Every structure is written in C-alpha cells, then in structure tokens.
Amino acid sequence: MNVEKLSLRLEKVAKYVLDHSIVADIGSDHAYLPCYLAVNKRIKGAIAGEINEGPYQSAKKQVEESGLEHVITVRKGNGLAVISANEAEVITICGMGGQLIATILEEGKEKLEGVKRLILQPNVGSESVRKWLLKENWILVTEEILKEDGKIYEVLVADRTGVQPYSGNPTYELLLGPYLLKEKSDVFREKWLGEIAQWTNILKQMKKSGSPGVGLKIAELKEKIETVKELINYG
Ligand code: SAM
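Residues numbered from 1 in each chain as written. Predicted model: local features only at pLDDT ≥ 70, side-chain atom pairs only at ≥ 80, totals over all residues. Heavy atoms only, no water.

Close to the ligand lie 18 residues; Arg 9, Gly 27, Glu 50, Asn 78 and Gly 79 are nearest. At 2.6 Å, a side-chain N or O of Glu 50 approaches an oxygen atom of the ligand. Between Gly 79 and the ligand, the recorded distance is 2.8 Å, taken from a backbone N or O atom to a nitrogen atom. In the complex, 82% of the free accessible area of the ligand, which totals 600 Å², lies under the protein chains. (Near = heavy atom within 4 Å. Polar contact = N/O pair within 3.5 Å; in protein donor to acceptor, adjacent residues only side chain to side chain. Areas by Shrake-Rupley, 256 points an atom, 1.4 Å probe, with all protein chains shown as cover.)

As structure tokens, then:
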C-alpha cells in the first residue's frame, strides 16, 4: 500500500491526531494510520498494537517496508496492554464495534494516564463509546460522519478538558451524537433513515409474535422510532 494515501475514513481520524505527539494505534492491522502519520512527519512516534498474529505480522511488514522502524514500534497484545501509563499522548482505536472499543478502554483505564486525546472510530454502536466517555469524564470535543464505499462511519474525538456537549435530551444525544444531531448532514439522515427502516421491520415481527411481555417492548420501540424521526426532521 502507498502509505501516503489513506482511506477517507482514516484520513478523518488522522486529521485529529495532535501534531508531534506519541500515538498508540490499537487494533492497527496493516498499520496504515501510523505509517501515514510518520511519513507525513505529523508525529514523534507511534505504537501499533495488534491482538492477532496475522494483522500483527502485516503491521510489522508494512512498517519495515516503509523504513519506519525508528518511528513506529509494533507490539502484540490485547487492547491497551501493549502500552505503559504515560507512554502515549493520543490513542486511536478504529474500525471496530463501539462495544469492543468501550471494553478496550475500560479494561485499560490505568494506561490512559498521560493521554490527552482519544480518537475513536466505531463502525457500529457509537452510543456505547459516548456513554463510556461520559462516565469517565472525557469531553467529546467533535464528531464526524462520513460515507465511503457504501458504508457509513463515525469518528469521535475526546479530550481531557472542555465542556460536555450534552444538553436537552442526553439519551438521544448519546445515541445519535450531539454534534452530528446539530449538524444533520445528509449522511447522518441516511444512516438514521436506515435504522428506522430496520426498527420498523422489527416492530412488525414483534406485533406478529404475540409473545408475553412483548407489549412493553413494542411501546418502547415505537417511541424510539417516533423520537428519532422527529429529531432528524423526517416526514
Ligand atoms: N484500525 C484499522 C482500521 O481502522 O483500518 C484496522 C481495523 S480491523 C477491522 C480491526 C483490528 O482490530 C483487527 O486487525 C483485529 O485483529 C484488531 N483487534 C480486535 N480486538 C482487539 C483487541 N482487543 N486488541 C487489539 N487489537 C484488536
């Protein structure tokens, strides 16, 4: 791969990396992100962490072939276990489910000492990430949503300082994203129209099933559909 050119998704992540910082990219796979940052002289150093042997080897190969061993260290291990406290200033965790990202952060909490910024790119389930950030007093400073190759991605950036963006309805702001909800881009509306279509199908199945206790679930889902429709100005 030509590490000078990234996917649009990882380019959005790279944009928020603090200049001249030490970055830990967890679940780095091919290490494209740290290689791109190093080639473009954006960082002082990086750790590329991988839990699985195949991606770990491909990260090592990419770093060696790019001649970047003096800037990027590739380490094998689970989540934040590959770094020490006060080692990284920025952590990136990209291309995984939001629940897994939240678990990695929760299990490695003590390694976040000295970290100034988290840049998280959940493929699904960004609500779990926002909830974890709020619980741990990380300030969500910005969000992006983008579409690439037919898939929709979100990028969440959190710092230690600032003001939490949640205001009116935290439950739905945590689900949709406070900044994304304010902006209401076309991609954002497309994402939630897709979710509404899926929920409507689930609702139909629930109504057909008639199993005990389903009444409450139907009412909850109906309310969720109506609220999200209203929030995205649908209909
Ligand atoms: N971050 C890259 C990107 O966004 O293009 C690669 C994403 S890839 C879909 C997810 C990677 O995370 C896989 O290579 C997988 O082995 C790794 N991974 C999953 N769970 C992990 C964990 N607990 N710790 C470290 N790496 C993990």
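So, about the sheet that holds strand S4 (residues 90-96). The strand order across the open sheet formed by 7 strands is S3-S2-S1-S4-S5-S7-S6, and the pairing between neighbours is mixed. Since the sheet does not close on itself, it has two edges, and those belong to strand S3 (72-76) and strand S6 (139-148), each with one partner. Strand-to-strand twist in this sheet, taken as the mean axis angle between neighbours without regard to direction, amounts to 15 degrees. The strands touched by helix H4 (residues 98-107) within the sheet are strand S1 (21-26), S4 and strand S5 (117-122), with S4 carrying the most contacts at an inclination of about 150 degrees. (Pairing = 2+ DSSP bridges. Helix = DSSP H or I, 4+ residues; strand = E, 2+ residues; numbered from the N terminus. Axes fitted to C-alpha atoms, helices over the stretch in contact; angles between N-to-C directions. Contact = heavy atoms within 4.5 Å.)

Glancing now at the packing of aromatic side chains. Counted according to the given criterion, the structure contains 1 aromatic pair. Aromatic pair Trp 192 and Trp 199: ring centres 6.1 Å apart, planes at 45 degrees, arrangement tilted. The residues Trp 192 and Trp 199 share a single accessibility class, namely buried. Sitting above the plane of the Tyr 153 ring, Arg 9 keeps its charged end 5.5 Å from the centroid. (Phe/Tyr/Trp six-rings, centres within 6.5 Å; stacked < 30°, edge-to-face > 60°. Buried < 20%, exposed > 50% of the residue type's maximum accessible area, 1.4 Å probe, protein only. Lys NZ or Arg CZ within 6 Å of the ring centre and 35° of its normal.)

The element strand S7 (residues 151-159) is largely enclosed, with a buried count of 7 among its 9 residues. Here S6 folds back onto S7, and the loop between the two strands holds 2 residues, one of which, Asp 149, carries a positive phi near 50 degrees.

Here we take up the environment of Glu 89. By secondary structure assignment, the location of Glu 89 is in the loop between S3 and S4. Note on Glu 89: relative accessible area 18%, which makes it buried. Among all residues touching Glu 89, those that are not within four sequence positions of it are His 20, Ser 21, Ile 22, Gly 114, Val 115, Lys 116 and Arg 117.

Running from N to C, helix H1 (residues 8-15) and helix H2 (residues 32-39) cross one another at 55 degrees; their axes reach a closest spacing of 10 Å. If you check the angle between H1 and H2, you find them oblique. Here the hand of the crossing between H1 and H2 comes out right-handed. Only Leu 33, Tyr 36 and Leu 37 of H2 make contact with H1, whose side of the interface consists of Leu 10, Glu 11, Val 13 and Ala 14. (Parallel < 35°, antiparallel > 145°, perpendicular 65-115°, else oblique. Left-handed = near helix turned anticlockwise from the far one by under 90°.)

The subject of this paragraph is the state of the cysteines. Counting across every chain of the model gives 0 disulfides. The thiol of Cys 35 is not disulfide-bonded; the next cysteine sulfur, from Cys 94, is found 14 Å away. Accessibility expressed as a relative area gives 0% for Cys 35, which makes it buried. Overall, the relative accessible area of 10% leaves Cys 94 in the buried class. (Disulfide = S-S within 2.5 Å.)

So, about the domain arrangement of the protein. Taken domain by domain, the protein consists of domain 1 (8-164) and domain 2 (187-231). Here domain 1 and domain 2 have C-alpha centroids that lie 33 Å from each other. Taken together, the contact pairs 5 residues of domain 1 with 4 residues of domain 2. Between domain 1 and domain 2, roughly 450 Å² of surface is buried when both sides are summed, and carbon and sulfur atoms account for 67% of that area. Run the count over domain 1 and domain 2 and you get 2 salt bridges. Put simply, Lys 191 and Glu 154 hold a salt bridge, and the shortest N to O gap is 2.9 Å. Our enumeration of links across domain 1 and domain 2 arrives at 2 residue pairs in polar contact (both at pLDDT 80 or more). Of all the secondary-structure elements, those providing two or more residues to the side of domain 1 that touches domain 2 are S6 and S7. The leading source of residues in the side of domain 1 that touches domain 2 is S6, at 3 residues. Grouping the constituent residues of the side of domain 1 that touches domain 2 by class yields 3 nonpolar, no polar and 2 charged. (Domains from an automatic or database assignment. Buried area = accessible area lost by both parts, 1.4 Å probe. Salt bridge = Lys/Arg side-chain N within 4 Å of Asp/Glu carboxyl O. Nonpolar A, V, L, I, M, F, W, Y, C, P; charged D, E, K, R; others polar.)

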